[in-house]
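So you can see what is in the structure, the chains are spelled out below.
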Amino acid sequence: MLSTEVLDRTVQELVDLLGKENVLTEMRHKVTRSASCSPFPVQRWKDHLPDIVVLPSTTEDVVGIVKIANKYKVPIVPRGGGSGLADGAVPLKHGIVIDIKKMNQILEIDEENMTVTVQTGINLLRLNEVLGKLGYWHPDDPAGYINATVGGRIGCSGLSLVGSGHGHTRDLVVSLKHVLPTGEVIHVGEGGGKKIRKSAVGYRLKDLFIGHQGTLGIATEAVLEIFPRPEAVFPAFFAFKSFEENYKAVYKLGTSGLKTLSALIMYDERKIEYLKRDDEAFIPLRDDDRSVICTVLYGTNAEVNEAKKVIFKIAKECGGRYLGQEMSEGDWASRHDRYHIPFHGRRADGQVVLLSWHCEDAAINYSELPRVKEKWHKIVNKYVEKHDGIFDNWGMFMYTANAYKPWGDYLVEIDIGVNELAMTEEIWQDWLKMKEEIAKVVVEHEGTISCCHGGTRPGDEEVVIYEELGPNGNYELMKKIKKLLDPNNIMNPNKYLLDNAYKEE
Ligand SMILES: Cc1cc2nc3c(=O)[nH]c(=O)nc-3n(C[C@H](O)[C@H](O)[C@H](O)COP(=O)(O)OP(=O)(O)OC[C@H]3O[C@@H](n4cnc5c(N)ncnc54)[C@H](O)[C@@H]3O)c2cc1C
């Protein structure tokens, strides 16, 4: 926490800059910005309370805030929807939370060059409501779509569920305006262009400022890709008698050459068991349906009609049973709703308990999926058994993660029900151990510990730093960049354990 003197001076200067109504110090405003969606022991919520919450409206406001923070060496954490699952928006060291949600204006829709320029506090739902009226679409489509702001997507470098057809966040951001940790404003894209998608000039700095979890500054405006709204969207779900059949089918579908294939998602046996048991929205499957694949086509009517035939042929040859239009359209339509509310889990004796959702994610090559799946379930089941009714294994999804190509690597997710209210210190420590074990499996199989959420979570962060990024020299370079750009270590301090950059001389 800040000393009273520093706090008072900082608040006064922020009020002078932004007006009283945009500088919040009351407990109710701070509490709602102290956590994100990932589990945390409820009794420890005060650990990460911000001292001050500010609501800027412009890039100039953000510059002013950053300058004040540097003057008093107060930590700053940018926060969008707070739905990031790697605790990125959690103010580990208190200080100022910059809530960007008032920066939510659409600044330009350029139909000639197919871009939209926005302030980064806009959320994806609202952006697409406006674009939709004009016949366009910004296809960054995470399951957490409703909460996610453009800034949060940039902060996390997210995965879009339709990224295999349309690209992911990093591919859909053409350029961005960014406030550096010392308050200078830069605009990074391809070369010096704002709406140029390909340049051979200079360094590719845009990528440095996507996925840094707010450790290298704050994106205030972004130029984004827009697409014509697709004429046809066709989801088709197929059930298989085993995960092995599904796994072979996904390869054949992914490498079929269909340009309209925007997503392939596998549901493993455990996920199907969970859905049959608890998810009333899911249309019941037959007893021998053990694994499901979701295929989704986006394109013109003519393209999609032809592609459908290919999908049905391959799925049938591989042993898939079509689950029908109602189930397919219904489940695809609910992709943004899943897991927003506490679900129920079961204890071993069948008793229902209220649990909220958490997921561990990784990017894994296709060849490694079966072994990673087996190992992850073994780890999670061990802890579920130990803490019956507090953790529950809700199975795995595997999504194609390669941009514009539905093959090669997959976002692998294991969903875990957690009773946060019952999480004692001992259970919290076990939770961290479970995450660490899960992360180590990813390194063993040459994957990356997070495909879309980020590697800043307690539990797996150390594995990220010392086993994934350390051995290849990446962490050393990250520390140098951090110290160079943020000499006072004010931007989201100690995420990625980057306080290390300031300890060594
Ligand atoms: C139910 C559910 C489903 C989800 N499904 C997906 C999914 O399918 N794909 C996926 O990728 N993610 C998914 N997520 C995670 C989450 O929705 C995304 O990571 C999203 O990008 C977070 O946006 P946000 O605005 O909530 O970000 P926040 O949580 O507020 O912030 C995320 C990070 O970005 C930083 N940040 C915020 N704004 C800025 C800015 N302007 N400049 C720089 N850094 C900034 C923060 O400091 C933090 O480190 C899901 C989450 C939930 C709860």
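Under an unreviewed UniProt entry, the protein chain has the name D-lactate dehydrogenase (cytochrome) and belongs to Calidifontibacillus erzurumensis. Turning to the protein chain, the UniProt record has this under Sequence similarities (unreviewed entry): "Belongs to the FAD-binding oxidoreductase/transferase type 4 family." If you open the UniProt record of the protein chain and go to Cofactor (unreviewed entry), you find "FAD".

Participant: Mind showing me how you'd approach the overall build of the protein chain here?
Facilitator: Looking only at helices and strands, one finds 17 helices and 19 strands in the protein chain. Computed over the C-alpha atoms, the radius of gyration of the protein chain is 23 Å, within 12% of the 23 Å expected from 2.2 N^0.38 for a compact globule of 505 residues. Each principal axis of the C-alpha distribution contributes one length, and for the protein chain these read about 70 × 60 × 45 Å. The buried share of the protein chain, reckoned over its 505 residues, is 58%. Total accessible area on the protein chain stands at roughly 21,100 Å², and carbon and sulfur atoms take up 53% of it. Looking at the protein chain, you have 62 positive and 73 negative side-chain charges, and the mean spots of the two groups are 1 Å apart.

Participant: Looking at this structure, how should I read the site of the ligand?
Facilitator: If you check the shell around the ligand, you find 38 residues, and the closest are Pro-78, Gly-80, Ser-83, Thr-149 and Gln-213. Taking Ser-83, its side chain carries an N or O atom lying 2.7 Å from an oxygen atom of the ligand. For the ligand, an oxygen atom lies 2.8 Å from a polar atom in the backbone of Ala-143. Secondary structure elements with two or more residues in the shell around the ligand: strand S3 (76–79), helix H5 (150–156) and strand S10 (218–225).

Participant: Would you mind showing me how to read the sheet that holds S3 here?
Facilitator: As summarised here, the arrangement of the 4 strands in space is S1-S2-S4-S3, forming an open sheet in which the pairing is mixed. Only two strands of the sheet have a single neighbouring strand rather than two, namely strand S1 (23–24) and S3. One ladder, built from 4 bridges, connects S3 with strand S4 (residues 96–99); its direction is parallel. Counted as the bridge partner of Pro-78 is Ile-98 from S4. The sheet contacts of helix H1 (residues 4–18) involve S1, strand S2 (52–54) and S4, and relative to S2 the element is tilted by about 10°.

Participant: I'm lost on the UniProt feature "domain: FAD-binding PCMH-type" (unreviewed entry) in the protein chain in this one. Help?
Facilitator: Using the residue numbers shown here, the UniProt feature "domain: FAD-binding PCMH-type" (unreviewed entry) corresponds to residues 46–229. Taken end to end, residues 46–229 has its terminal C-alpha atoms 45 Å apart, with 23% of it in helix and 24% in strand.

Participant: Would you explain the domain arrangement of the protein chain in this entry?
Facilitator: One frequently used descriptor of interface size is the decrease in accessible area upon assembly of the parts. Each assigned domain of the protein chain is listed with its residue range as follows: domain 1 (4–101), domain 2 (114–228), domain 3 (232–333), domain 4 (343–464) and domain 5 (470–503). Listed by partner, the interface residues are 18 residues for domain 1 and 20 residues for domain 2. Summing both sides of the interface, domain 1 and domain 2 together bury roughly 1,300 Å²; the carbon and sulfur share of this comes to 64%. On the domain 1 side of the contact with domain 2, Thr-59, Pro-78 and Ile-100 bury the most area, a combined 33% of that side's loss. Summed over the shared surface of domain 1 and domain 2, the number is 0 salt bridges. Here domain 1 and domain 2 share 3 residue pairs in polar contact (both at pLDDT 80 or more) between them. For the side of domain 1 that touches domain 2, the elements supplying multiple residues, two or more each, are helix H3 (59–72) and S3. Of all the elements, H3 adds the most residues to the side of domain 1 that touches domain 2, at 6 residues. A breakdown of the residues in the side of domain 1 that touches domain 2 according to their chemical character gives 8 nonpolar, 8 polar and 2 charged.

Participant: Help me out: how do you make sense of the sheet that holds strand S5 (residues 106–110) in this one?
Facilitator: What links the strands of a sheet is backbone hydrogen bonding, and the strands pair in either a parallel or an antiparallel sense. A sheet is described by the order of its strands in space; here 5 strands give the open sequence S5-S6-S10-S8-S9, paired in antiparallel fashion. Pairing within the sheet leaves two strands with one partner each, and these edge strands are S5 and strand S9 (185–188). On average, each strand axis in the sheet is tilted by 10° relative to the strand beside it, whichever way the strands run. Inspection of the sheet shows strand S8 (residues 173–179) paired to S10 by 6 bridges, in the antiparallel sense. Residue pairing in the sheet places Lys-177 in a bridge with Glu-221 of S10. Against the sheet, helix H4 (residues 124–133) touches S5, strand S6 (115–119) and S10, its axis set at about 40° to S5.

Participant: Mind showing me how you'd approach the side chain of Thr-456 here?
Facilitator: Its location among the elements puts Thr-456 in the loop between helix H14 (425–444) and helix H15 (461–469). A polar atom in the side chain of Thr-456 sits 2.9 Å from the backbone oxygen of Ala-86. Ignoring sequence-local partners within four residues, the contact set of Thr-456 consists of Ala-86, Asp-87, Gly-88, Gln-213, Glu-461, Lys-495 and Tyr-496.

Participant: What's the story with helix H12 (residues 325–333) in this structure? I'm lost.
Facilitator: Residue pairs spaced three or four apart in an α-helix point in one direction, given the helix's 3.6 residues per turn. Taken residue by residue, H12 has Met-327, Ser-328, Asp-331 and Trp-332 as its buried positions. In an axial view of H12, the angular spread of the buried residues amounts to 115°, which keeps them on one side of the axis. Away from its buried face by more than 90 degrees, H12 exposes Glu-326 and Ala-333. Buried residues belonging to H12 abut strand S12 (232–240), strand S13 (261–267), strand S14 (291–299) and strand S15 (321–322).

Participant: Sorry if this is basic, but what is going on with H14 here?
Facilitator: The end-to-end C-alpha distance of H14 is 29 Å, a good match for the 28 Å that 20 residues give at a rise of 1.5 Å each. Those residues of H14 lying buried are Ile-427, Trp-428, Asp-430, Trp-431, Leu-432, Met-434, Lys-435, Ile-438, Ala-439, Val-441 and Val-442. Contact partners of the buried residues in H14: strand S17 (352–365), helix H13 (369–386), strand S18 (391–400), strand S19 (409–418) and H15. A positive backbone phi angle near 55° is found at Glu-446, which sits one or two residues after H14.

Participant: I tried to follow unusual backbone geometry on my own but got confused; where do I start?
Facilitator: Glycine aside, a negative phi is what most residues show, and trans is what most peptide bonds show. Here the phi dihedral of Glu-446 falls at roughly 55°; this positive angle occurs in a residue that is not glycine. Assignment of secondary structure puts Glu-446 in the loop between H14 and H15. Look at Tyr-496: it is not a glycine, yet its phi comes out positive at around 55°. Along the chain, the position of Tyr-496 falls in the loop between helix H16 (474–485) and helix H17 (500–503).

Participant: Looking at this structure, I do not really get the nonpolar core. What am I missing?
Facilitator: Soluble globular proteins tend to pack their nonpolar side chains together in the buried interior. Counting 61 residues, the largest nonpolar core has Leu-369, Trp-376, Phe-391, Tyr-410 and Trp-431 as the members making the most contacts within it. The element that contributes the greatest number of residues to this core is H14, accounting for 9 residues. When sequence neighbours within four positions are dropped, the list of residues in contact with Trp-431 reads Pro-39, His-358, Glu-360, Phe-391, Ile-416, Val-418 and Met-423. Counting residues in hydrophobic clusters, the runner-up holds 33 residues, among them Val-162, Ile-272, Leu-323 and Cys-359.

About the thresholds
Residues numbered from 1 in each chain as written. Predicted model: local features only at pLDDT ≥ 70, side-chain atom pairs only at ≥ 80, totals over all residues. Heavy atoms only, no water. UniProt positions renumbered as here; feature names shortened; annotations may be inferred. Helix = DSSP H or I, 4+ residues; strand = E, 2+ residues; numbered from the N terminus. Rg over C-alpha atoms; globule rule 2.2 N^0.38 Å. Buried < 20%, exposed > 50% of the residue type's maximum accessible area, 1.4 Å probe, protein only. Areas by Shrake-Rupley, 256 points an atom, 1.4 Å probe, with all protein chains shown as cover. Lys, Arg positive; Asp, Glu negative; His and termini not counted. Charge placed at Lys NZ, Arg CZ, Asp CG, Glu CD. Near = heavy atom within 4 Å. Polar contact = N/O pair within 3.5 Å; in protein donor to acceptor, adjacent residues only side chain to side chain. Pairing = 2+ DSSP bridges. Contact = heavy atoms within 4.5 Å. Axes fitted to C-alpha atoms, helices over the stretch in contact; angles between N-to-C directions. Domains from an automatic or database assignment. Buried area = accessible area lost by both parts, 1.4 Å probe. Salt bridge = Lys/Arg side-chain N within 4 Å of Asp/Glu carboxyl O. Nonpolar A, V, L, I, M, F, W, Y, C, P; charged D, E, K, R; others polar. Arc of directions from axis to C-beta. Expected span 1.5 Å × (residues − 1). Core = buried A, V, L, I, M, F, W, Y, C linked by side-chain atoms within 4.5 Å.

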